[in-house]
Amino acid sequence: MKVDSRRICQLFREMADFLSIKGENPFRIRAYEKAAEAIEHLPGDLENLYKKGELKNIPGIGKGMIEKIGTILHTGTLPAYEELKKEIPRGVVELLSIPEMGPKTVKLLYEKVGIKNIEDLEKFVNSQKLRHLPGMGAKTEENIKRGIELYKASRSRILLGKALPMVKEVMEELKKKASSLIERISTAGSLRRGKETIGDVDILVSSRKPSLVIDSFVELPFVKDVLAKGETKSSILTHQGLQIDLRVVEPDSFGAALQYFTGSKSHNIVLRERAIKRGLKINEYGVFTEKGEKKAGETEEGIYRYLDLSYIPPELRENRGEFEAAERGKLPHLIEEREIKGDLHIHTEASDGSNSIEELIEKAREKNYEYIGITDHSSSLRVGRGLSREALLSQIKKIERINSHLKGFQVLKGSEVDILKDGTLDYPDEILRRLDIVIIALHTGFKQDRETITNRIIKAMQNPYAQILAHPTGRLLGEREAYSLNMEKVLEVAKDRGIWLEINAQPQRLDLTDVWIMEAKKRGIKLVINTDAHHKEGLDMISLGVITARRGWLEKKDVINTLTLNELSKLLCKK
Ligand code: DGT
Ligand code: CA
Ligand code: CA
């Protein structure tokens, strides 16, 4: 029996959720989570590795988990899973996705009050009954209420980082199935513009036989429901809950349709007004004169050119000044992924990551990088399994040893140092002095007021060894809003002190955000695109960071980790 590895991942994650609601042993729960994570990043086919007995070499997958994988591969499921699924309603598990709702609270509300889903919870909270339960209070109730709102808002949108790989697969399957029918194919909409979350996926195809393309599309294996089906367009829902709109157009209007369906809406409105001013009409078929003569439409470039604009890359189409720049030929030459020379924020197995320094070097060299920064958590961050001073010092020695054997590549000694409650850093200066890269980051006290948080961060930025401010706003998409922060002030200090601001490429973070990136660039602040990877495959997330940087109008020269090793070393020496 062929079981998709993603299904196994999902099953393990559900197991972890079930067990946490049951209040089971945290190590058992963690074992499922770790195995799911490892499977997600597996360097090969799960079934093959299992058959060859090679799963035992994969960090994160223990003996017990290998047995369970075997059972699932043979039977499609696990007996314990089937039992728990009967016992705990789906809606109860979903409660875990609400920010502020931990397993203990879910268990309490389910067992003592009978709350089985979000609707039950919402009613309970709104009637102010939750505050009277043991260990709760008005404040918790308020937090959960906000959590529900946040969750509901996020449920309808999906992370770019999650959608991209799924969409890639969908497009490949469609191309395979309808190869003789399809001339061109592209994503459009917010996905193509690289927005951090997307409502639905838009795909555009050019073909001379539209209805046949549509027929192939709705029959693809990932389709769960067909929401709409016409001669030239269709909407479907995938098994993973992704909505995909497909439109098929004639080849000579592909450019016009691509421009139109890429949006954004506000960008398109300005473009249309521009056309009207010139006595032209623009729509998804092309640019036309008053007499109906077609002037452009086959390519996007042609459309912008006909309206006296240089080509505007999709990431800039948000009506944030791109028309003025395109008119004057002053559009930025946007940064590209191949210009990235290294990654300066990476965790290893020494703290809460899963790979060794050597494994990370190997992956980085595959990416043609010249350097990586090893930056595990600092000592007081318990949840991040932060390094004690001694552990950090011995890691420094280890890195020096490794570096002495490397040619054309260097590991930079670093740390993601926690900003403490009083704005001081988690290691003393005599330790920070020995590091190449000091990242400062806030991991606690998110609920402090705006002034307190701002002052804490600013104080930390004054430390002479502070170099990079990580994930500056602290947001976690769908989970946690940005903490209240006076970003203008932070930018001022960053400029003043020469602190580099991080664009954190984690799909849930993408922080700094596009608008603040533009703001930072305007002030001449340098940025650095980091993955904050906790797993070697996580280094590939850099692409999301680059997309976000592009949305913030960044060029190669604005981004520190486009520097060669040589250039970066010189810069770090100067500091
Ligand atoms: P999303 O899906 O909410 O993340 O955002 P988009 O931008 O992908 O929006 P969507 O899927 O509703 O439509 C795709 C594009 O089609 C949109 O960016 C611009 C274009 N579009 C859709 N409806 C209209 C409209 O009424 N007027 C104009 N000018 N363009 C539209
Ligand atoms: Ca869309
Ligand atoms: Ca759409």
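Look up: the structure comes first, before these words.
In what follows, the accompanying structure is described. (Residues numbered from 1 in each chain as written. Chains lettered and ligands numbered in written order. Predicted model: local features only at pLDDT ≥ 70, side-chain atom pairs only at ≥ 80, totals over all residues. Heavy atoms only, no water.)

## So, the nonpolar core
In this structure, Ile 372, Ile 440, Ile 457, Met 461, Leu 469, Leu 501 and Ile 529 are the most contacted members of the largest nonpolar core, which totals 57 residues. In contact with Ile 529, other than residues within four places in its own chain, are Ile 335, Ile 340, Ile 503, Ile 542, Gly 545, Val 546, Ala 549, Val 559 and Asn 561. The next biggest cluster of nonpolar side chains, apart from the first, holds 50 residues, and it includes Met 15, Tyr 32, Ala 35 and Ile 144. (Core = buried A, V, L, I, M, F, W, Y, C linked by side-chain atoms within 4.5 Å. Buried < 20%, exposed > 50% of the residue type's maximum accessible area, 1.4 Å probe, protein only. Contact = heavy atoms within 4.5 Å.)

## Quick notes on the sheet that holds strand 8 (residues 280–283)
With antiparallel pairing, three strands are arranged side by side in an open sheet as 8-9-10. Of all strands in the sheet, those with a lone pairing partner are strand 8 and strand 10 (294–296), marking the two edges. On average, each strand axis in the sheet is inclined to that of its neighbour by 35°, with strand direction left out of account. Strand direction decides the pairing type here: strand 9 (residues 286–289) and strand 10, joined by two bridges, are antiparallel. Of the residues in strand 10, the one forming a bridge with Val 287 is Ala 296. (Pairing = 2+ DSSP bridges. Helix = DSSP H or I, 4+ residues; strand = E, 2+ residues; numbered from the N terminus. Axes fitted to C-alpha atoms, helices over the stretch in contact; angles between N-to-C directions.)

## Some details on the coordination of the calcium ion (ligand 2)
Each protein donor to the calcium ion (ligand 2) is listed here as Asp 200 (O), Asp 200 (OD) and Asp 202 (OD); together their distances run 2.2 to 2.6 Å. Coordination geometry of the calcium ion (ligand 2): the six donor atoms subtend angles of 69 to 165° at the metal centre, consistent with an arrangement described as irregular. Between the calcium ion (ligand 2) and the calcium ion (ligand 3), the interatomic distance is 3.7 Å, and Asp 200 donates to each metal, bridging them. Judged by its relative accessible area of 22%, Asp 200 is partly exposed. (Donors = N, O, S within 2.8 Å, 3.2 Å for Na, K, Ca; no water. Tetrahedral: all angles 85-135°; square planar, octahedral: opposite > 155°, others 65-115°.)

## Thoughts on the coordination of the calcium ion (ligand 3)
Within the protein, the atoms that donate to the calcium ion (ligand 3) are Asp 200 (OD), Asp 200 (OD), Asp 202 (OD) and Asp 245 (OD), at distances of 2.3 to 2.7 Å. In primary sequence terms, the donor set of the calcium ion (ligand 3) follows D-x1-D-x42-D. According to the relative accessible area criterion, Asp 202 is buried, its value standing at 11%.

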